[in-house]
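Observations on the three-dimensional arrangement
As a plain string of letters, each chain reads:
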Amino acid sequence: MSIAIITGFEPFADCGVNPSWLAVSALPASVGSFTLTRLLLPVSFEKAFGRLEEAIVACQPDLVICTGLATRRDSISIERIAINIDDARIPDNEGYHPIERRIDYSAPDAYFSCLPVRAICEKISEAGLPAAISDSAGTYVCNHVMFRLLHLIANRYPKILGGFIHVPATPEMSGNKGPGMPLADITRALQLAVEVCSDHSTHWQGSKRRIVEYNPGWPGEFTEIATQLHSGLGNLALRIDHIGSTSVPELAAKDVIDIQITVSELSDQLLAAMTAMGYTRSEIATSDHIPACMSDKPHEWQKWFFKAPPGQRPTNTHVRIAGRANQRYPLLFRDFLRAHPNYAKSYGELKKRLAANLANSRTYPDVKDPAVDLIYHAAENWAARICWQSE
Ligand code: PCA
């Protein structure tokens, strides 16, 4: 069984009760693959997160879902984002009233939830209960707890799935005059949210951000996926290669398989075929990192980047054009590391230390990429010496 911490808040302002805690208290002892630890949090900027962190340290959970009341909402709100600001409309239960204060100057402006927000929203809606993805958790204690939870996860507990759900008031809270959601429905919705997280592969989510020792099973997993890609793409794919750290024996890596599909052009037909297989193209990642000495030819580094179909093991699929610099780079880099285990060992060590020491995991590629270029320059010398060709 895995462990989940589910939190609710005590009453605050003029609410005599807080349905978030009432619903959390009514949840069964276990849901899906999770044993639930319930935790009541004070409505206090200063104390709430400390209580949660203590529980995380003590229980080492796989899932943390915090819940709170949003009186002005009439559906279950699965929060997508937490922002780095405290800006309270009213004082918290201890009389503290921060106005426009940054939560943490060393932290990013915002964090996205690491819960499967869309899947949770769909599951609750399918059960006939009102649910929506929310793009603001406010700027009060709930946002504060969500932000600090996600900051902790990003820096210390990459395996935890964590996020926040706001629940509406119950009809009794307005004397049955205003809108509201019955407590039993709120409880049911939270139970469904935990069930979705239980179905969702916690292992894959967490391992995406962690450097692990080399896994000899990776090449086999690549071959299986490449076979499916070959049959879906036919002659649109000139070749499909296993690239990146999981392709180099004994190299420590993130548990994400990098795949390069070589094509003659980035065509609509190709996009349609990838989409039909469930792959999603990133609108943002349209170019590779360009090594400092090669910045004069940006078109040589253009690519399409696809995320794996939902539910499939994590992969990064890069589609690049035959003969371009960025198509050659990963193949040469891989072959050089395979032929030079000492480079691979030092590179693995660098990655582990970067992952452990960078305060913000999002800056990891910014630091890693130029280090990779250093190895690449050595690889080019080697390639010239041995007249290397990509098979
Ligand atoms: N809701 C408040 C804090 C506690 C609660 O249940 C919020 O939305 O910030």
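Residues numbered from 1 in each chain as written. Predicted model: local features only at pLDDT ≥ 70, side-chain atom pairs only at ≥ 80, totals over all residues. Heavy atoms only, no water.

Attention now moves to the overall build of the protein. The secondary structure content of the protein amounts to 11 helices and 16 strands. Over its C-alpha atoms, taken along the principal directions, the protein stretches across nearly 80 × 40 × 40 Å. Expressed as a percentage of its 391 residues, the buried residues of the protein come to 49%. For the protein, the share of sequence-separated contacts (at least 6 apart) that also reach a separation of at least 24 residues comes to 75%. In the form shown here, the protein has an accessible surface area of approximately 18,100 Å², with 52% of it arising from carbon and sulfur atoms. Each charge class in the protein can be summarised by its mean position, and for the 38 positive and 42 negative side chains these summaries are 3 Å apart. (Helix = DSSP H or I, 4+ residues; strand = E, 2+ residues; numbered from the N terminus. Buried < 20%, exposed > 50% of the residue type's maximum accessible area, 1.4 Å probe, protein only. Contact = heavy atoms within 4.5 Å. Areas by Shrake-Rupley, 256 points an atom, 1.4 Å probe, with all protein chains shown as cover. Lys, Arg positive; Asp, Glu negative; His and termini not counted. Charge placed at Lys NZ, Arg CZ, Asp CG, Glu CD.)

With that settled, the discussion passes to the site of the ligand. What surrounds the ligand is the set Phe9, Phe12, Asn18, Val43, Gly68, Leu69, Tyr140, Val141, Cys142 and His166. Here Val141 contributes a backbone N or O atom positioned 3.4 Å from an oxygen atom of the ligand. Within the backbone of Cys142, a nitrogen or oxygen atom sits 2.9 Å from an oxygen atom of the ligand. Relative to its unbound accessible surface of 260 Å², the ligand loses 94% to contact with the protein. (Near = heavy atom within 4 Å. Polar contact = N/O pair within 3.5 Å; in protein donor to acceptor, adjacent residues only side chain to side chain.)

A separate point is the environment of Ala169. On the secondary structure map, Ala169 appears in the loop between strand 9 (161-167) and helix 5 (183-199). The spacing of Ala169 and Lys351 is 182 residues in sequence and 47 Å in space, taken between C-alpha atoms. Residues within four places of Ala169 in sequence aside, it is in contact with Pro19, Leu69, Ala70, Arg73, Gly180 and Met181.

Below, the discussion takes up helix 8 (residues 268-276). The complete set of buried residues in helix 8 reads Leu270, Ala273 and Met274. Down the axis, helix 8 shows its buried residues gathered within 100° of arc, on one side only. Residues of helix 8 that are exposed and point more than 90 degrees away from the buried face comprise Asp268 and Ala276. Against the buried residues of helix 8 lie helix 7 (218-233), strand 13 (257-263), strand 15 (304-307) and strand 16 (315-321). Two residues or fewer after helix 8 comes Gly278, characterised by a positive phi angle close to 95°. (Arc of directions from axis to C-beta.)

Pairing is mixed in the open sheet, where seven strands are placed in the order 2-3-1-4-9-5-8. Either end of the sheet is taken by a strand with one partner, and the two such strands are strand 2 (30-31) and strand 8 (131-134). With two bridges connecting them, strand 5 (residues 76-79) and strand 9 associate as antiparallel partners. When the bridges of strand 9 are listed, Ile78 appears paired with Ile165. Here helix 4 (residues 141-155) sits on the sheet and contacts strand 1 (2-9), strand 3 (34-41), strand 4 (63-69), strand 5 and strand 9; the angle it forms with strand 9, its principal contact strand, is near 170°. (Pairing = 2+ DSSP bridges. Axes fitted to C-alpha atoms, helices over the stretch in contact; angles between N-to-C directions.)

For helix 4, spanning 15 residues, the distance from its first C-alpha to its last is 21 Å, which sits close to the expected 21 Å at 1.5 Å a residue. For helix 4, a buried count of 13 out of 15 residues is recorded, marking the element as mostly surrounded by other parts of the structure. (Expected span 1.5 Å × (residues − 1).)

Bringing the side chain of Gln260 into the picture now. With respect to the helices and strands, Gln260 occurs in strand 13. Look at Gln260 and you get buried, because its relative accessible area is 0%. Within polar-contact distance, the side chain of Gln260 engages the side chain of Arg320 at 2.7 Å. A distance of 3.0 Å separates a polar side-chain atom of Gln260 from the backbone oxygen of Gln327. Residues within four places of Gln260 in sequence aside, it is in contact with Arg239, Ile240, Asp241, Ile243, His318, Arg320, Asn326, Gln327, Pro330 and Leu331.

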